[in-house]
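The primary structure of each chain is shown beneath.
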Amino acid sequence: MYTFDREAYNRRMAWYTHARFGMFLHWGLYAIPARGEWVRSWEQMPEEQYRPYFDEFNPVDFDARRWARAAKEAGMQYVVLTAKHHDGFCLFDSQYTDWKSTNTPFGRDIVREFVDAVRAEGLHVGLYYSLLDWHHPDFPHRDDENHPDRNNEAVSDEGRDFNRYLEYMHNQVRELCTNYGKLDVLWFDFSYGKLRGEAWKATELVSMVRSLQPDVIIDNRLEVSGEGYGSLASGNPTPYHGDFVSPEQMIPPHGIQDVNGNDIAWESCVTMNGIWGYSATDHYFKPAPMLIKKLVECVSKGGNMLLNVGPDALGDFPPQSTAILKQIGEWMRRNHDSIYGCGRSDLPKPEYGRITANGKDLYFHVYENSIGSLPLVGLTKDQIKSMRYLASGAEVPISTSWTHSDYPEIAFADLGPDPVLPDPVDTVLKVTLR
Ligand code: GLC
């Protein structure tokens with residue numbers, strides 16, 4: 001019988017729920033065809049057509065320190081890199097396969113350089129590891145809804161031994177948990193159909209992980225996403241419960257609560273354009289102002305945002321990603337106190353923006369100005385100890401205008417005569433309560 005240790009859970013989660021903002025990195029051979037990380041599956045590409053990318057892989061511009069600095073300067077506190085994606089290609093020097101970066105012309109252990117660079121920037125380290133593997137001979141090819149060879153008549157599942165695959169998968173997870181120092185996040189992806197929970201030998205897997213990395217935080221995808229928020233939220237945690245729920249390409253309308261109505265840790269993972277791995281044609285990048293407001297939305301609902309970058313075949317970030325990260329960083333430099341360590345406020349969401357809260361400090365995120373003074377609905381002026389523009393520290397007076405004298409129960413902020421707000425994206429008022 002599994003006993004959930006709430007104290008240990010809260011201890012390991014503390015940095016994560018404080019961090020609120022991380023970078024996801026999807027990188028591998030698929031950056032060369034440049035049609036996304038599922039290219040083999042979407043195009044049902046046979047291995048022999050994919051193999052040349054392995055023989056060619058030589059990302060001469062790769063510099064993990066540059067990636068880590070970009071994450072830090074954007075205000076991100078943790079970085080999660082695909083150590084192995086569904087194509088089975090390992091960005092680390094695994095002793096269990098030749099299908100790895102150290103055997104390509106590049107010849108380097110990318111995970112090693114990544115973890116060193118991220119730690120050197122003082123950020124937390126995360127590794128994504130795909131539970132499925134389209135390269136491994138013992139992973140089902142025909143009897144699988146995603147495998148590139150699922151409809152390939154020339155291929156059969158005869159002789160495939162799934163237990164042998166599980167041994168391989170567990171051995172690789174052990175390598176990652178043993179050879180690369182302290183891991184802060186282990187991001188498994190993903191369970192579907194009958195491949196879920198104990199089909200992965202998940203209890204054994206997580207028990208091994210926790211014995212090697214006792215403080216690591218694990219996502220909820222050893223369980224099936226899309227069928228509820230997982231066993232921790234349902235109040236019956238399995239030994240392989242996720243430590244956080246991982247909504248993808250969406251922000252939960254009301255945050256995420258467990259069966260008892262208590263907020264539970266969650267992280268929306270979001271692409272900057274429309275796809276995780278590098279795409280030469282998907283230029284539909286979300287503007288930085290939008291992503292800043294989505295980060296605020298996640299935090300205002302008690303969650304994190306993991307924002308993805310898909311580096312290209314040479315190891316460079318797409319220029320659009322670089323520009324967006326720079327703009328987010330400029331806002332975060334002045335306003336990170338309204339993100340780090342913040343969460344949901346009990347006050348109603350204001351019409352003009354959102355609220356994030358950290359104890360007695362409330363951060364009103366003002367996206368559009370009001371006519372006249374700004375109503376701080378839910379607060380009376382007696383409750384307010386101080387009010388400042390977060391970005392400048394300048395005092396914001398509590399309004400005494402007659403125009404809102406019909407609303408004595410509401411405090412109003414006097415933002416002055418200029419109808420144009422100081423920050424065109426998100427002007428943050430820090431209201432400290434008595
Ligand atoms: C989906 C995609 C996968 C990606 C993951 C990130 O599962 O299929 O490619 O790594 O989302 O959350």
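The numbers attached to residues start from 1 for each chain and follow its sequence in the written order. Where totals are concerned, whole chains, interfaces and linings use all residues; where local detail is concerned, this predicted model gives features only for residues with pLDDT of at least 70, and gives and counts side-chain atom pairs only at 80 or more. Excluding hydrogens and water, the side-chain figures rest on all heavy atoms present in the structure.

Some remarks on the sheet that holds strand E9 (residues 361-366)
Where we set the bar: Strand pairing requires that DSSP identify at least two bridges connecting the strands. By the criteria applied, helices consist of DSSP H or I runs no shorter than four residues and strands consist of E runs no shorter than two, each listed in order from the N terminus. Helix axes use the C-alpha atoms of the stretch in contact, all axes being lines fitted to C-alpha atoms, and the angles between their N-to-C directions lie in the range 0 to 180 degrees. Every residue pair with non-hydrogen atoms within 4.5 Å of one another is taken to be in contact.
Pairing is antiparallel across the open sheet formed by 4 strands, whose spatial order is E8-E9-E13-E11. Edge positions in the sheet fall to strand E8 (353-358) and strand E11 (384-389), since each of these pairs with one other strand and no more. Between one strand axis and the next, the sheet turns through 20° on average, direction left out of account. Examined bridge by bridge, E11 and strand E13 (residues 427-433) share 5 bridges and lie antiparallel to one another. Across the sheet, the residue bridging to Arg-388 is Lys-430, located in E13. Sheet contacts for helix H9 (residues 288-300): E8 and E9; angle to E8, the most-contacted strand, approximately 50°.

Brief notes about the UniProt feature "domain: Glycoside hydrolase family 29 N-terminal" (unreviewed entry) in the chain
Filter applied, for reference: UniProt positions are given in the numbering used here, feature names are shortened, and annotations may be inferred rather than shown by experiment.
The UniProt entry lists residues 10-335 under the feature "domain: Glycoside hydrolase family 29 N-terminal" (unreviewed entry), expressed in the numbering used here. For residues 10-335, the end-to-end C-alpha separation is 26 Å, with 33% helix and 11% strand making up the annotated structure.

Considerations on helix H4 (residues 64-73)
Counting along an α-helix, one turn takes 3.6 residues, and residues three or four places apart therefore face a common direction. Worth spelling out the cut-off: Burial classes follow relative accessibility: with a 1.4 Å probe on protein chains only, a residue under 20% of its type's maximum area counts as buried, one over 50% as exposed, and anything between as partly exposed. It is the directions from the helix axis to the C-beta atoms that the arc portrays.
Listed in full, the buried residues belonging to H4 are Ala-64, Trp-67, Ala-68 and Ala-71. Considered in projection along H4, the buried side chains sweep an arc of 95° and stay on one side of the axis. Residues of H4 that are exposed and angled more than 90 degrees away from the buried face: Arg-65 and Glu-73. Looking at the buried side of H4, the elements it contacts are strand E1 (21-25), strand E2 (78-84) and helix H5 (110-120). Positive phi shows up at Gly-75, right after H4, with a value of about 90°.

Section: the confidence of the model for the chain
Definition in use: Each residue carries a pLDDT value, the predictor's own confidence for that position, ranging from 0 to 100.
Across the chain, pLDDT averages 97, with 100% of residues at or above 70. Complex prediction metrics read pTM 0.98 and ipTM 0.91.

Quick word on the UniProt feature "site: May be important for catalysis" (unreviewed entry) in the chain
UniProt tags Cys-269 as "site: May be important for catalysis" (unreviewed entry). The topology assignment puts Cys-269 in strand E6 (residues 267-271). Cys-269 has contacts with Phe-24, Trp-187, Arg-221, Pro-247, Glu-248, Gln-249, Trp-276 and Leu-306, leaving out every residue within four places of it along the chain.

As for the packing of aromatic side chains
The criterion, for reference: Only the six-membered ring of Trp is used, alongside the rings of Phe and Tyr, when aromatic pairs are assigned; centres must lie within 6.5 Å, and planes under 30 degrees apart are stacked while those over 60 apart are edge-to-face, with the rest tilted.
Scanning the model with the defined rule gives 32 aromatic pairs in all. Their ring planes at 25° and their centres at 5.1 Å tell us that Trp-27 and Phe-62 sit as a pair that is stacked. In this pair, Trp-27 sits in the loop between E1 and helix H2 (39-42) while Phe-62 sits in the loop between helix H3 (47-56) and H4, placing the two residues 35 residues apart along the sequence. Here Trp-27 matches Phe-62 in class, with each residue buried. Aromatic pair Phe-57 and Phe-106: ring centres 6.2 Å apart, planes at 80°, arrangement edge-to-face. Residue Phe-57 is located in the loop between H3 and H4, and its partner Phe-106 is located in the loop between E2 and H5; the two are separated by 49 residues in the primary sequence.

Structural notes on the site of the ligand
Keep this limit in mind: Proximity is defined per residue: if any heavy atom of the residue lies within 4 Å of a molecule or strand, that residue is considered near it. We define a polar contact as two N or O atoms separated by no more than 3.5 Å, with the added condition that, inside protein, one atom must be a possible hydrogen donor and the other a possible acceptor, whereas residues neighbouring each other in sequence contribute only through side-chain atom pairs. Using the Shrake-Rupley algorithm and a 1.4 Å probe, accessible areas are obtained, with residue cover drawn only from the displayed protein chains. When residues are grouped by polarity, Ala, Val, Leu, Ile, Met, Phe, Trp, Tyr, Cys and Pro land in nonpolar, Asp, Glu, Lys and Arg in charged, and all others, Gly among them, in polar.
Neighbouring the ligand are 13 residues; His-26, Glu-37, Trp-38, His-85 and Glu-248 lie closest to it. The separation between an oxygen atom of the ligand and a polar side-chain atom of His-85 is 2.8 Å. Considering the ligand on its own, with 300 Å² of exposed area, one finds that the protein chains cover 92% of that surface. Grouping the amino acids of the shell around the ligand by side-chain chemistry returns 6 nonpolar, 3 polar and 4 charged.

Considering empty space enclosed by the protein
Here is the rule we go by: Here a cavity denotes grid points, spaced 1 Å and computed from the protein atoms alone, that fit a 1.4 Å probe unable to get out, and a pocket denotes an open set having protein on both sides within 12 Å along at least 5 of 7 lines; residues with an atom within 4 Å of a point are the lining. Grid points are joined across faces, edges and corners, and a volume is the space filled by probe spheres set on the points.
Scanning the model with the defined rule gives 2 cavities of 30 Å³ or more in all. Volume-wise, the largest cavity comes out at about 60 Å³. Lining the largest cavity are 14 residues, and of these Asn-273, Ile-275, Phe-285, Gly-310 and Ser-321 sit closest to its centre. Among the residues forming the lining of the largest cavity, the class breakdown is 7 nonpolar, 7 polar and no charged. Its boundaries defined by the atoms lining it, the second largest cavity holds a volume of some 30 Å³. Lining of the second largest cavity is provided by Asn-220, Glu-223, Tyr-229, Gly-230, Leu-232, Ala-233, Gly-242, Phe-244, Val-245 and Ile-264. Here the residues of the lining of the second largest cavity sort into 6 nonpolar, 3 polar and 1 charged.

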